[in-house]
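As a plain string of letters, each chain reads:
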Amino acid sequence: MNLADSGILSAAMDDAGFVSVSNPEEAGVIIINTCSVREKAEERALGRLTELARIKKTGDSRICAVGCMAQRMGEKILERIPKIDFILGTERLFDLPRLLNKESIEPVVDTRMTKNLDWAEFSPAPDNSYSAHVTISRGCDNYCAYCIVPYLRGPERHREPGAIIDDINDLYGRGIVEITLVGQNVNSYNSAHLKFPGLLKKVVAETDINRIRFITSHPKDLSDDLIDLFSSEPKLMGHFHLPLQSGSDRILEMMFRKYDYTRYLSLIHQLRQARPNIAITTDLIVGFPTETEDEFGMTLEAVRDIRFDAAFMFRYSVRDGTWAAKNLKNDVPEEVKLRRLQELIELQKEISYQVNQKEIGRISSVLIDGTSRRDASVWKGKTEGNKTILLKSPEDLLGKVVNSRINRADSWTLHGELAA
């Protein structure tokens, strides 16, 4: 979502006549789009802002903190880092180009939640010359016990289907070959009497984009119609991100997740039946308040049973303002959280390695999106299952979709060669 927001803000800045530069020391405006989903994300953002404040040219450059942390902390950021010029929350960040053109000496702090719809007016700037995120909705109505997002991004608002189609066609005209539709919960999309499976069908029918992804789906309202599309629509890439969070029904209920493990497991079976080689990834939290060793063991057992391709794994982080922070004692010791997290990471690493060995010998459609950080002569791309693959070729493959035969794999990366 932050990538999508940054793309929209970049488009708004371009439209206002600003030009991007790669070096912060050359910039007249420096913008940090922040996240509050975990404490570590905020610490990183504050550290970066402090670092940038040191290089700020007096009276010349302006430093802007926008997004979720700006929404949550507001004036407190200014107290910690007085050199910041703008602190704009999740509904105000798209006002930045207008505010920059105003004469203002005093810092501007604006965290009003007024359902500002400026975000819907700009076709987003692409992530690069071949892929882009397209926002279909903002906000969240789920209010999971641990999650701060609904309080910072507000209730769900859905864009009109026609505006989404216009964005995708505009991006395709600029050379984009892959788009990712983004919402806090895409499954709940409902605009102009069109639900999410209908929106996907409309994208397929009314655009020429051949690689379509989306994120994120909530298990509570994942529909049969959406799952069935994976058996009938080849333009949908074979990857599904479906957060589980815990393998314990009691913990899931305390988290307000609105499904149990049996329901989640049935969805996994349906997805694999619809697209047998689909890559399934997830989110997992350890150390939620009152989680016992047995309940942590249920999460481990779920990971063994399902065999996710990959997972984002975290220890529980208290977020002030959430239901859990107000009503539950953070009673799992930090050292226990860290031990559980490490055990989970090691298990998933081994499973990812085993799952990836089954990729060897397959031919996959790959979008080349860069080069290896270790060897610039090796191309890097994403498979249909959203897995990183490295391959060598003397040709310039950047931005192209190629077929690659996979001949080697580790836990995180596939290695391949060009195939016919």
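What counts, and at which threshold
Residues numbered from 1 in each chain as written. Predicted model: local features only at pLDDT ≥ 70, side-chain atom pairs only at ≥ 80, totals over all residues. Heavy atoms only, no water. Pairing = 2+ DSSP bridges. Helix = DSSP H or I, 4+ residues; strand = E, 2+ residues; numbered from the N terminus. Axes fitted to C-alpha atoms, helices over the stretch in contact; angles between N-to-C directions. Contact = heavy atoms within 4.5 Å. Parallel < 35°, antiparallel > 145°, perpendicular 65-115°, else oblique. Buried < 20%, exposed > 50% of the residue type's maximum accessible area, 1.4 Å probe, protein only. Polar contact = N/O pair within 3.5 Å; in protein donor to acceptor, adjacent residues only side chain to side chain.

Student: Break down the pairing of strand β19 (residues 413-418) for me, citing the residues and quoting the values.
Tutor: Bridge count between strand β17 (residues 388-392) and β19: 4 bridges; the pairing is parallel. Bridging across to β19, Leu 391 finds its partner in Gly 416.

Student: Run through the sheet that holds strand β5 (residues 131-135), naming residues and quoting values.
Tutor: The 3 strands are arranged β5-β8-β11 in an open sheet whose pairing can be described as parallel. The open sheet terminates on both sides in strands that have one partner only, identified here as β5 and β11 (211-215). Strand-to-strand twist of the sheet, defined as the mean angle between neighbouring strand axes without regard to direction, takes the value 25°. Strand direction decides the pairing type here: strand β8 (residues 178-182) and β11, joined by 5 bridges, are parallel. Directly across from Ile 179, in β11, lies its bridge partner Ile 212. Strands in contact with helix α8 (residues 196-206) are β8 and β11; relative to β11, the strand with the most contacts, it is inclined by about 155°.

Student: Describe the packing of helix α9 (residues 224-232) against helix α11 (residues 261-274), naming the residues involved and giving the relevant values.
Tutor: Running from N to C, α9 and α11 point in directions that differ by 30°, and their axes come no closer than 7 Å. Looking at the two axes, α9 sits roughly parallel to α11. Counted together, Asp 224, Ile 227, Phe 230 and Ser 231 of α9 and Leu 267, Gln 270, Leu 271 and Ala 274 of α11 form the full contact between these two elements.

Student: Outline the environment of Asp 110, supporting the account with residue identities and numerical values.
Tutor: If you trace the backbone, Asp 110 turns up in strand β4 (residues 108-110). On the basis of relative accessible area, Asp 110 is assigned to the buried category, the value being 12%. Placed 35 residues apart in sequence, Asp 110 and Glu 75 show a C-alpha to C-alpha distance of 9.1 Å. With residues near it in sequence (within four places) discarded, Asp 110 still touches Ile 87, Leu 88, Gly 89 and Arg 92. Here the side chain of Asp 110 touches Arg 112 through a polar contact of 2.7 Å, side chain to side chain.

Student: Requested: an account of the environment of Glu 343, with residues and values cited.
Tutor: For Glu 343, the position within the fold is in helix α14 (residues 334-357). Remark: the alpha-carbon pair of Glu 343 and Asn 185, spanning 158 residues in sequence, is separated by 29 Å. Glu 343 has contacts with Phe 296 and Leu 300, leaving out every residue within four places of it along the chain.

Student: Describe the side chain of Ser 246, and please don't skip the residues or the numbers.
Tutor: Here Ser 246 shows up in the loop between β12 (239-241) and α10 (249-254). A polar contact of 3.1 Å, which involves the side chain of Ser 246, links it to the backbone nitrogen of Ser 248. Not counting the four nearest positions on each side in its chain, Ser 246 is found in contact with Ile 251, Leu 252, Met 255 and Thr 299.

Student: How would you sum up unusual backbone geometry? Please name residues and give values.
Tutor: Look at the link from Ile 215 to Thr 216: it is a cis peptide, with omega at 5°. With respect to the helices and strands, Thr 216 occurs in the loop between β11 and α9. A positive phi is found at Thr 290, a non-glycine position, where the angle reads about 75°. The topology assignment puts Thr 290 in the loop between β13 (279-286) and α12 (293-306). Residue classification places Thr 290 among the partly exposed residues on the basis of a relative accessible area of 29%. Positioned with a positive phi, Asn 386 is a non-glycine residue whose angle comes to about 65°.

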